[in-house]
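Residues per chain are reported as follows:
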Amino acid sequence: MKLLINSAAVYRSSRGVQRYYERIKPHLRAEVIESTPLSDAVFLSRVTSALYRGRSDYLYWSPGHRVNVAARHHVVTVHDCISLEYGLSEVRQSLLRALTQRTFDNAIHVVAISVATKSAILRHYTVNEGKITVIPSPAIVSLDQAPKDDELPVTIADPFVLMVTNPLRHKNGQNAVQAFAQSEAARLGFRLHVVGALDPRALRICAEQGIRLTNDASVTDELLKQYYSQCSMLLSVSLAEGHNLPIAEALSCGAPIVCSDIDVHREFYKDYAILVDPKNPDAIAAGISKSLTMTRGIPAPIGGSVRDFVQVGSDYNALFGKLSSAL
C-alpha cells in the first residue's frame, strides 16, 4: 500500500485538523507515505489541491475535507459540514455545495469522524451510504506535551471558566456569555477566560454585564494544557460540531465540562459532561452553576477502555488496505 497525503488538506486547514493528522500519522502502516508539495501562497495551494490528479499507484488521502474534482483514488476525511450550515452567503453556499458534491462523486471513499458528521453529509449531499465509513475520534485526548524549560508554568490567581472558541455564529458566543453573567460563577467573581475570540456582540454583552474577561488570541499547546488543568470548568455551547477537540483535551486534564446538548456531544461526551440547551441562557447558566459542585478528575472509562489515536490509526490502516487491494 502506498499513501499520498494532501498537504493542503492538513496545513491549510484548522488547527484541529492538523492535530488530528499529526496524531494519526505515527500509526499509519503504509509501505510508502509521501506528501504533496505545499505552496507558500494560500490561494495557489487551494487551486492546485482542487485540481491535483494524484498518482495511479497511490491512495490519495485528504485528512481534512478539501475540494478536489480530479484526483484518482481519493479518500477524503470530513470533520463537519459547518461551513455549509453557518455563515456563508447563498451564492457561496451554492458554490461550496456543488464543488463538494463533485468531490464526493469523484472520491472512492469518504471517512466521517463521527456519526453526527456522517448524518450531516447525508443531509446535505447525495452520497451512497456504503461509500462512507465512520472512524470515530477519541472522546478523551491528551495533549501529552509538558511545559518547555523556557515556558514557565502559569498560575491564574482567580478562579475562571474557560472557553476555547472563535467568533463564528455556530460557536454561540452571545448565549454563552449571557449565561455566564447569570450564573453562580459570575456572582462569585470568577473570570471568563477566552482562548481565541468572541464575536463583537458577545464582547458588548461582556462589557454591559460587567464580566471579568481575559483573552488570549492564541496559545501554545503547553499553555493550553495549563489552562485546562487550572480552569474551574470548560464551557462549550456551540450549535454544531464534528467532534469538538477542546472538550476531549480538557477531559484529559480533569476539567468539568458544560456543553451543548447536540448530537455530536451526546455521541462522545454524554457520560462525561453536563449537557444543556444551547439556545437557552437560563439552562446554560444552571449548568455552569451545577459544574461548580463537581470534583475535578479524569473520568473513568466507560465500558473498561478509552478509544485513542492508536485505534483510529488502526481503523485507517484497515480501510486503506481494503481500498488499495481494489486498485
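Throughout this description, residue numbers start from 1 for each chain and increase along the sequence as written. With pLDDT at 70 or above as the cut-off, local features in this predicted model cover only qualifying residues; side-chain atom pairs require 80 or more to be listed or tallied, and sums for whole chains, interfaces and linings still use all residues. Note: side-chain values were computed over all heavy atoms of the structure, leaving out hydrogens and water.

**Description of the pattern of salt bridges**
Whenever Lys or Arg places a side-chain nitrogen within 4 Å of a carboxyl oxygen from Asp or Glu, that contact is recorded as a salt bridge. Under the criterion given, the structure shown has 16 salt bridges. With its nearest N and O atoms 2.4 Å apart, the salt bridge here joins Asp221 to Arg19. Placement of Asp221 in helix 10 (residues 221-230) and of Arg19 in helix 2 (residues 15-24) is noted, with a sequence separation of 202 residues between them. Like Asp221, the residue Arg19 is buried in the burial classification. Between Arg23 and Glu249 there is a salt bridge, with the nearest N and O atoms lying 3.6 Å from each other. Working definition: helices are DSSP H or I runs of at least four residues, strands are E runs of at least two. Numbering for both runs from the N terminus. Categorising residues by exposure relies on relative accessible area from a 1.4 Å probe, with only protein chains included: less than 20% of the type maximum marks a residue as buried, more than 50% marks it as exposed, and the intermediate range marks it as partly exposed.

**Concerning the sheet that holds strand 4 (residues 74-78)**
Taken in spatial order, the six strands of this open sheet run 2-1-3-4-5-6, and their pairing is parallel. Two strands lie at the open edges of the sheet, namely strand 2 (32-35) and strand 6 (132-134), each paired on one side alone. When strand polarity is set aside, the average angle formed by the axes of neighbouring strands in this sheet is 25°. Across three bridges, the pairing between strand 5 (residues 109-112) and strand 6 is parallel. The partner of Val111 across the bridge, within strand 6, is Thr133. Helix 6 (residues 115-124) contacts strand 4, strand 5 and strand 6 of the sheet and is inclined by roughly 160° relative to strand 6. Strand pairing requires that DSSP identify at least two bridges connecting the strands. Lines fitted to the C-alpha atoms define the axes, with helices restricted to the stretch that makes contact. Angles between their N-to-C directions range from 0 to 180 degrees. A contact between two residues is defined here by any heavy atoms of the two lying within 4.5 Å.

**Here's the deal with the pairing of strand 4**
Extensive coverage of strand 4 is indicated by the burial of five of its five residues. Neither face of strand 4 is open: one carries His74, Val76 and Val78, the other Val75 and Thr77, and all of them are buried. The pairing of strand 4 with strand 5 spans four bridges and is parallel. When the sheet's bridge partners are listed, Val75 is paired in strand 5 with His109.

**A closer look at helix 5 (residues 90-106)**
Note on helix geometry: an α-helix contains 3.6 residues per turn, so any two residues three or four positions apart are oriented the same way. Taking 1.5 Å of rise per residue, 17 residues should cover 24 Å, and helix 5 covers 24 Å from first to last C-alpha, within 8% of that figure. Three or more residues of helix 5 are buried, namely Thr100, Gln101, Thr103 and Phe104. Mapping the buried residues of helix 5 onto a view down its axis gives an arc of 160°, with all of them on the same face. In helix 5, the exposed positions angled more than 90 degrees off the buried face are occupied by Val91 and Leu95. Looking at the buried side of helix 5, the elements it contacts are strand 4, strand 5 and helix 6. For a helix, the expected span equals 1.5 Å multiplied by the residue count minus one. The reported arc concerns the directions from the helix axis to the C-beta atoms and nothing else.

**Brief notes about the packing of helix 7 (residues 173-182) against helix 9 (residues 200-209)**
Two numbers describe how helix 7 lies on helix 9: the axes approach to 8 Å, and their chain directions differ by 15°. Considered as vectors, helix 7 and helix 9 are oriented roughly parallel to each other. Two packed elements cross with a definite hand, and for helix 7 against helix 9 that hand is right-handed. Contact residues: helix 7 offers Gly173, Gln174, Val177, Gln178 and Ala181, while helix 9 offers Arg201, Ala202, Ile205, Cys206 and Gln209. An angle counts as roughly parallel when it lies under 35 degrees, as roughly antiparallel when it exceeds 145, as roughly perpendicular when it falls between 65 and 115, and as oblique in every other case. Two helices crossing with the near one rotated counterclockwise from the far one by less than a right angle form a left-handed crossing, whereas a clockwise rotation gives a right-handed crossing.

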